[in-house]
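Residue-level structure breakdown
Each chain is listed here by its residues.
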Amino acid sequence: MEILHSSRWTITARSRHPDSYERRFGTAFAHSVRRAFGVPCSSGSAALTIALQAVGIGPGDEVIVPGLTWVACASAVAHLGAVPVLADICPTSLCMAPEAVEAAITPATRAVLAVHMYASRVDVGRLQNICDERGLLLIEDASQAHGGSLSEGVIGSFGVISIFSFQQTKLLAAGEGGIAVTDDPGLFDKLQKFRADGRIYSDAPLDGGFYDLSDIGGVMGRNLCMSEFHAAILLEGVQRLDSENRHRATMAGELSSRLDAIGGMAIVRDDLAEPDGGTFYKIPLSMDDEALLRLGPVLVSRALSAELNLPIAPLDLPLDRNPLYQPLTSPLIARTPGLADHVDPQRFQLPNAVAAWGRCIALPHECLLGGLPEVDAIAAGIEKLRAQASRLAVLDRESK
Ligand SMILES: Cc1ncc(COP(=O)(O)O)c(C=O)c1O
């Protein structure tokens, strides 16, 4: 309400007040992940785009991205005319495997996008070593791991730039939103310019009120700014993040022991050091029960969603077969001779990603924000599903 009645709804307008929520949130969030600078923006995809632009990724460059992730990780690269090289995942964490990254490096590789996925952290320490040895840039995508940590440091503090999404389903959410954080003043300058039509933060009061942005230019950006409403929601949310993460971790432990007792499904998590530093964005459950595997992840997640009234879904489809991933529709790629074959998603081998898709379903993180009765209900739903799996298969056949 304060923002609604104020003279500032966004940093791209003048205001009578010197302090914007956007700048306060950008600084607070950057400091919470031990970074010097933060540039809030309109989405995680926008944050990926300005991060790639700030480090100079463009046509001819290859960027290694996981073969199993949200499509934006690859499409942000393709939109710039660069080649997303899809690397397979590690089956025990569902995150990009360092060995697959090493195997994918070519003379054209410029950067590696290290993405933390579901309830796991990618082995960013090993990826950083590979990047250091091979002279590559590491960009961290922590859109699914707000508030996590590893023995090497806090998630969001790795690589030259880290990005986050604050889209509605995320651990810290504002409907839509994103941020790029960095320690490098030069990159901070570029990130700002790419997200605000070439403008950077100003501290000077101008005629007619304070203006958050100075018309510096020198770079052709876009308007990818975050509104004051979103920044205020996030500034408040960031204070709850740690306690919510702790609660989710406790409830995940409870769910895990119930699943051990039931059998047939188990939570998939990384086995990196610092077990307390993990987060639970989506909770992937791997099925090892023949009857459930025969039903498949689509039917199992539909049945469990109906039973529990929760949005349970299969994993993201691997990018070699994901209908959302269409790199040839990027004009920069389609019009560059010889690039089409190079970008073709089907040229990449992703056996671990494909196998993981066939055996996993994913619960949303909010199902861990309740208490033990909710965890008991999830376990009971899974037990019922397991007991009824053969009957469900018959019903499914008969309905076709
Ligand atoms: C790993 C990852 N990166 C990037 C994004 C893109 O974020 P947004 O949806 O805010 O554009 C997402 C969104 O789901 C994501 O999961």
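Section: the domain arrangement of the protein
One can read the domain layout of the protein as domain 1 (21-241) and domain 2 (242-316 + 353-398). Each side of the interface is counted separately: domain 1 has 29 residues, and domain 2 has 25 residues. Taken as a group, Tyr-118, Arg-121 and Leu-171 account for 28% of the area that domain 1 buries against domain 2, more than any other trio of residues on that side. At the boundary of domain 1 and domain 2, one finds two salt bridges. The residue Arg-240 makes a salt bridge to Glu-244 at a minimum N-O spacing of 3.1 Å.

Considering the pairing of strand β15 (residues 282-287)
Among the six residues of β15, five are classified as buried, and the element is accordingly described as predominantly covered. Bridge count between strand β14 (residues 265-267) and β15: three bridges; the pairing is antiparallel. What sits directly across from Ile-267, in β15, is Leu-285. Inspection of the sheet shows β15 paired to strand β17 (residues 360-364) by five bridges, in the antiparallel sense. By the bridge assignment for β17, Leu-285 is matched with Ile-361.

Some remarks on the site of the ligand
Surveying the vicinity of the ligand reveals 15 residues, the closest of which are Gly-44, Ser-45, Asp-141, Ser-165 and Lys-170. Note that an oxygen atom of the ligand is positioned 2.7 Å from one of the side-chain N or O atoms of Ser-165.

So, the sheet that holds strand β16 (residues 313-314)
The four strands are arranged β14-β15-β17-β16 in an open sheet whose pairing can be described as antiparallel. Since the sheet does not close on itself, it has two edges, and those belong to β14 and β16, each with one partner. Sheet strands touched by helix α8 (residues 241-262): β14, β15 and β17. Its angle to β14, the strand with the most contacts, is close to 155 degrees.

A closer look at the nonpolar core
Counting 78 residues, the largest nonpolar core has Ile-50, Ile-64, Leu-94, Met-96, Leu-127, Ile-161 and Leu-315 as its most contacted members. Ranked by the residues each element gives to this core, the list is headed by helix α2 (residues 44-54), at seven residues. Domain assignment of the residues forming this core places at least three in each of domain 1 (21-241) and domain 2 (242-316 + 353-398). Setting aside residues no more than four positions away along its own chain, Ile-161 makes contact with Arg-35, Ala-51, Ala-54, Val-55, Leu-138, Ile-139, Glu-140, Ala-180, Val-181, Thr-182, Leu-187 and Leu-191.

Quick notes on the packing of helix α9 (residues 290-308) against helix α13 (residues 372-398)
Interhelical geometry of α9 versus α13 gives an angle of 125 degrees and a closest axis separation of 9 Å. What the angle tells us is that α9 and α13 run oblique. Note on packing geometry: the crossing formed by α9 with α13 is right-handed. Along the contact surface, α9 presents Ala-291, Leu-292, Leu-295, Leu-299, Val-300, Ala-303, Leu-304, Glu-307 and Leu-308, while α13 presents Ala-377, Ile-378, Gly-381, Ile-382, Lys-384, Leu-385, Arg-386, Ala-389, Leu-392, Ala-393 and Asp-396.

Some points on the side chain of Arg-248
Inspection of the secondary structure assignment puts Arg-248 in helix α8. Although buried, Arg-248 forms no salt bridge, and the nearest oppositely charged side chain, Glu-244, lies 4.2 Å from it. A distance of 2.9 Å separates polar atoms of two side chains, one belonging to Arg-248 and the other to His-365. Here Arg-248 is in contact with Leu-171, Leu-241, Phe-280, His-365, Leu-368 and Leu-369, once residues within four sequence places are set aside.

Some details on the pattern of salt bridges
Scanning the entire structure with this criterion turns up 17 salt bridges. Put simply, Lys-193 and Asp-189 hold a salt bridge, and the shortest N to O gap is 3.0 Å. Taken as a pair, Lys-193 and Asp-189 lie in helix α6 (residues 185-195) at a separation of four residues, close to a single helical turn. The network of salt bridges with common partners includes Arg-8, Arg-23 and Asp-212.

Some details on the sheet that holds strand β9 (residues 178-182)
Reading across the sheet, the seven strands line up as β1-β9-β8-β5-β4-β2-β3 and stay open at both edges, with mixed pairing between neighbours. Each edge of the open sheet carries a strand with a single partner, namely β1 (37-41) and β3 (83-87). Each neighbouring strand pair of the sheet contributes to a mean axis angle of 25 degrees, computed without reference to strand direction. Here strand β8 (residues 161-165) runs beside β9; their pairing, made up of five bridges, is antiparallel. What sits directly across from Ile-161, in β9, is Thr-182. Sheet strands touched by α6: β1, β8 and β9. Its angle to β1, the strand with the most contacts, is close to 15 degrees.

What counts, and where the lines are drawn
Residues numbered from 1 in each chain as written. Predicted model: local features only at pLDDT ≥ 70, side-chain atom pairs only at ≥ 80, totals over all residues. Heavy atoms only, no water. Domains from an automatic or database assignment. Contact = heavy atoms within 4.5 Å. Buried area = accessible area lost by both parts, 1.4 Å probe. Salt bridge = Lys/Arg side-chain N within 4 Å of Asp/Glu carboxyl O. Buried < 20%, exposed > 50% of the residue type's maximum accessible area, 1.4 Å probe, protein only. Helix = DSSP H or I, 4+ residues; strand = E, 2+ residues; numbered from the N terminus. Pairing = 2+ DSSP bridges. Near = heavy atom within 4 Å. Polar contact = N/O pair within 3.5 Å; in protein donor to acceptor, adjacent residues only side chain to side chain. Axes fitted to C-alpha atoms, helices over the stretch in contact; angles between N-to-C directions. Core = buried A, V, L, I, M, F, W, Y, C linked by side-chain atoms within 4.5 Å. Parallel < 35°, antiparallel > 145°, perpendicular 65-115°, else oblique. Left-handed = near helix turned anticlockwise from the far one by under 90°. Lys, Arg positive; Asp, Glu negative; His and termini not counted.

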